[in-house]
Each structure stands twice: as structure tokens, then as C-alpha cells.
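# Examination of the molecular architecture
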Amino acid sequence: MKSLKIDQFIAYLQNELDIPPESVQLALKKVGAFPCRLSIALWQYGLVSLNQLNEMFAWLETHHVSCNDFLG
């Protein structure tokens, strides 16, 4: 079961950063059981820019999201 926080983060990625759903799904497959690594996977596979990565980290910090919040 996915957590509410990961759903909110994915909505942010798609709605605010305009990251295509296909890119998010690919990165989620790559991180497997470690959804807290989603941001890094998106960047590692060239699906987001360094600026977008920084924006993701800022969002996570602002919303007080930790790795444990992504676990369902």
C-alpha cells in the first residue's frame, strides 16, 4: 500500500515540475522498495535537471517528509 505522502509528492512532481507520469513510473520501478530514493533516481536517469532536484528536496523539507513517510 502506498502512503499518502508519496502520492502527494508524485502529484507535486507531475503538476508543479511537469515531470511526465511515465518518467515517475520508470523511476519508481528503479527504486523498488525504497521510494524515498525517487528524487535521486529521477536525476540519476536524466529525467530531471539539477534545479528540479533541488526543488524536490525543498518541497520534501518544507512538507517535513522523511524516508519513513514514504513507506506504506
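Attention here is on the structure that accompanies the text. (Residues numbered from 1 in each chain as written. Predicted model: local features only at pLDDT ≥ 70, side-chain atom pairs only at ≥ 80, totals over all residues. Heavy atoms only, no water.)

### Re the packing of aromatic side chains
Threshold: Two aromatic rings, drawn from Phe, Tyr or Trp (for Trp, its six-membered ring), form a pair once their centres lie within 6.5 Å of each other, and the interplanar angle then sorts them: stacked below 30 degrees, edge-to-face above 60, tilted otherwise. Starting at the N terminus, helices and strands are each numbered in turn, a helix being any DSSP run of H or I of at least four residues and a strand any DSSP run of E of at least two. Per-residue accessibility, obtained with a 1.4 Å probe over protein chains only, is compared with the maximum for each type, and a residue is labelled buried under 20%, exposed over 50%, and partly exposed between these values. Think of it as a cone above the ring: NZ of Lys or CZ of Arg counts as a charge over the ring if it is within 6 Å of the ring centre and within 35 degrees of the ring normal.
One pass over the structure, following the stated rule, counts four aromatic pairs. Between Tyr12 and Trp59, the ring centres sit 5.2 Å apart and the planes meet at 20°, which makes this aromatic pair stacked. Within this pair, whereas Tyr12 is found in helix H1 (residues 4-15), its partner Trp59 is found in helix H4 (residues 50-62), the two being separated by 47 residues in sequence. Of the two residues examined, Tyr12 and Trp59, each falls in the buried class. One aromatic cluster is present, built from ring pairs that chain together Phe9, Tyr12, Trp59 and Phe70. In this structure, Arg37 packs its charged tip against the face of Phe34, placed 4.5 Å from the ring centre.

### Considering H1
Put simply, the test is: Expected helix span is given by 1.5 Å per residue-to-residue step, counting one fewer step than there are residues. Here the arc refers to the set of directions running from the helix axis out to each C-beta atom.
Over its 12 residues, H1 extends 16 Å from the first C-alpha to the last, a length consistent with the 16 Å expected when each residue adds 1.5 Å. Every buried residue of H1 is listed here: Ile6, Phe9, Ile10, Tyr12 and Leu13. Projection of H1 onto a plane perpendicular to its axis shows the buried side chains occupying an angular sector of 155°, all on one side. Exposed and oriented more than 90 degrees from the buried face of H1 are Leu4 and Asn15.

### Overview of the state of the cysteines
Note the following rule: In plain terms, two cysteine sulfur atoms within 2.5 Å form what is called a disulfide here.
Applying the stated rule across the entire model yields one disulfide. A sulfur-sulfur separation of 2.0 Å characterises the disulfide bridge that pairs Cys36 with Cys67. Residues Cys36 and Cys67 are joined by a disulfide whose S-S torsion is about 85°; by sign, that bridge is right-handed. Residue Cys36 is found in the loop between helix H2 (21-31) and helix H3 (38-44), and its partner Cys67 is found in the segment after H4; the two are separated by 31 residues along the sequence. Cys36 sits in the partly exposed class, given a relative accessible area of 27%. On the basis of relative accessibility, which here comes to 39%, the residue Cys67 falls in the partly exposed class.

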